[in-house]
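# Secondary and tertiary structure notes
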Amino acid sequence: MNTPFSLKVYDSLNGNLPPLTPIQEEILRLKKERNAILLVHNYQSAEIQRVADYVGDSLGLAYQAEAEKDADVIVFCGVHFMAETAKIVNPSKTVLLPVVEAGCSLADSCDAAELAAVKAQNPNLYVVAYINCSAAVKALADVICTSGNAKKIVENVPADREILFVPDQNLGSWVAAQTGRKMRLWPGSCYAHVLFSVKEIQRAREQFPGAPVLVHPECVESVRATADIVCSTEKMVTFCKESAADTFIIVTETNMIARLRQEIPNKKFVAGPTATCACNECMFMKMNTPETLRDCLKNMSPEIKLPEDLRLAAYTPLKRMLDWSK
Ligand code: 13P
Ligand code: SF4
């Protein structure tokens, strides 16, 4: 019989940050020189989070990008659709993404031409698109949502319209259960979030009795059923801050724990396990490193560019989301 792997347990940093490395110092200097602001997703490494101007979930990052006035440049450490969203909501800024190949399996699972064909055959469909999709898919949507506001957005959709939820079938089925609203679901999923194991999460519960289990809604239904709370990455931060518990099992991309450790003193975090591994990092998020971030600020490249007609078409449903979720 195989010996099970040991779970990964992280103590809080209690404000004890290591000194900045030379490359982090260089990034901070280059940000000033370029008049750049650095927006960072919760799944980026601790080294990148450390030099950020803002760290958050997709919703918080979209609001930050839209509201940015003073900087000339937005450097985005996340994946391609997130940087593209920043360009859609704030087109006058130069938007940089350290590695242009940093994509998303979920975004890739919905092809715009296929979606256009489904819409053409079903004119009454109201398309709710999870923000994890391309600008071309956003342009075909009626409204965008994130994991942080999906319930609220779906509740706002006119009752006489049939909803097609794209591209995440897992988030879609969770929102359908939350709202009682029947929806057609696009058959897409996140390659990383579907890997978590119910059996291993139960083992973590036995090892840490009383530790709440926090699960991202991109996980499959059987994994969501193990949760004390199903929520977006930002809500995970508030939940762990406000809870009386001292240990938490975090069932989402493992770098989420970098954010939690930094902000929450005296608490412990256990990485959500898959069937074969104690952690679960997104291979696309991991493409950004302090080195690629430094080089991108140095070279002012790769830059996100979008044809203006596509940007405008994608902006309408995004703006609707930002307005509805205020
Ligand atoms: P959040 O908006 O909850 O941060 O999720 C983004 C994401 O890509 C999850 O995989
Ligand atoms: Fe996409 Fe999944 Fe990575 Fe999030 S974790 S960026 S949904 S591949």
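Residues numbered from 1 in each chain as written. Chains lettered and ligands numbered in written order. Predicted model: local features only at pLDDT ≥ 70, side-chain atom pairs only at ≥ 80, totals over all residues. Heavy atoms only, no water.

## Some remarks on the site of ligand 1
Taken together, the neighbourhood of ligand 1 is formed by H41, Y43, D57, S58, Y130, N132, S147, H193, H216, E218, S232 and T233. Side-chain polar atom of N132 to an oxygen atom of ligand 1: 3.2 Å apart, as the coordinates give it. With the chains in place, 96% of the 310 Å² that ligand 1 exposes on its own is no longer accessible. Along the lines of polarity and charge, the residues of the shell around ligand 1 split into 2 nonpolar, 8 polar and 2 charged. (Near = heavy atom within 4 Å. Polar contact = N/O pair within 3.5 Å; in protein donor to acceptor, adjacent residues only side chain to side chain. Areas by Shrake-Rupley, 256 points an atom, 1.4 Å probe, with all protein chains shown as cover. Nonpolar A, V, L, I, M, F, W, Y, C, P; charged D, E, K, R; others polar.)

## Considering the nonpolar core
In this structure, V128, V166, I250 and M321 are the most contacted members of the largest nonpolar core, which totals 80 residues. If near-sequence neighbours (up to four positions away) are discounted, V128 is found in contact with V143, C145, I153, V154, V157, I163, L164, F165 and V166. (Core = buried A, V, L, I, M, F, W, Y, C linked by side-chain atoms within 4.5 Å. Buried < 20%, exposed > 50% of the residue type's maximum accessible area, 1.4 Å probe, protein only. Contact = heavy atoms within 4.5 Å.)

## A word on the pairing of strand β12 (residues 247-251)
The buried count for β12 comes to 5 of 5 residues, which makes it a mostly enclosed element. Taking every second residue as pointing to the same face, both faces of β12 are buried, with T247, I249 and V251 on one and F248 and I250 on the other. Inspection of the sheet shows strand β10 (residues 213-215) paired to β12 by 3 bridges, in the parallel sense. Pairing of V215 across the sheet is with V251, part of β12. Taken together, the 4 bridges between β12 and strand β13 (residues 268-271) define a ladder with parallel strand orientation. Looking at the pairing, T247 lines up with K268 of β13. A crossover links β12 with its parallel partner β13, the connecting element being helix α13 (residues 256-263), and its sense is right-handed. (Helix = DSSP H or I, 4+ residues; strand = E, 2+ residues; numbered from the N terminus. Pairing = 2+ DSSP bridges. Right-handed = clockwise from strand over helix to strand, strands pointing away.)

## Comments concerning the site of ligand 2
The immediate surroundings of ligand 2 are formed by 13 residues, with C104, N132, C190, E218 and C282 found nearest. In the shell around ligand 2, the residues fall into 9 nonpolar, 3 polar and 1 charged.

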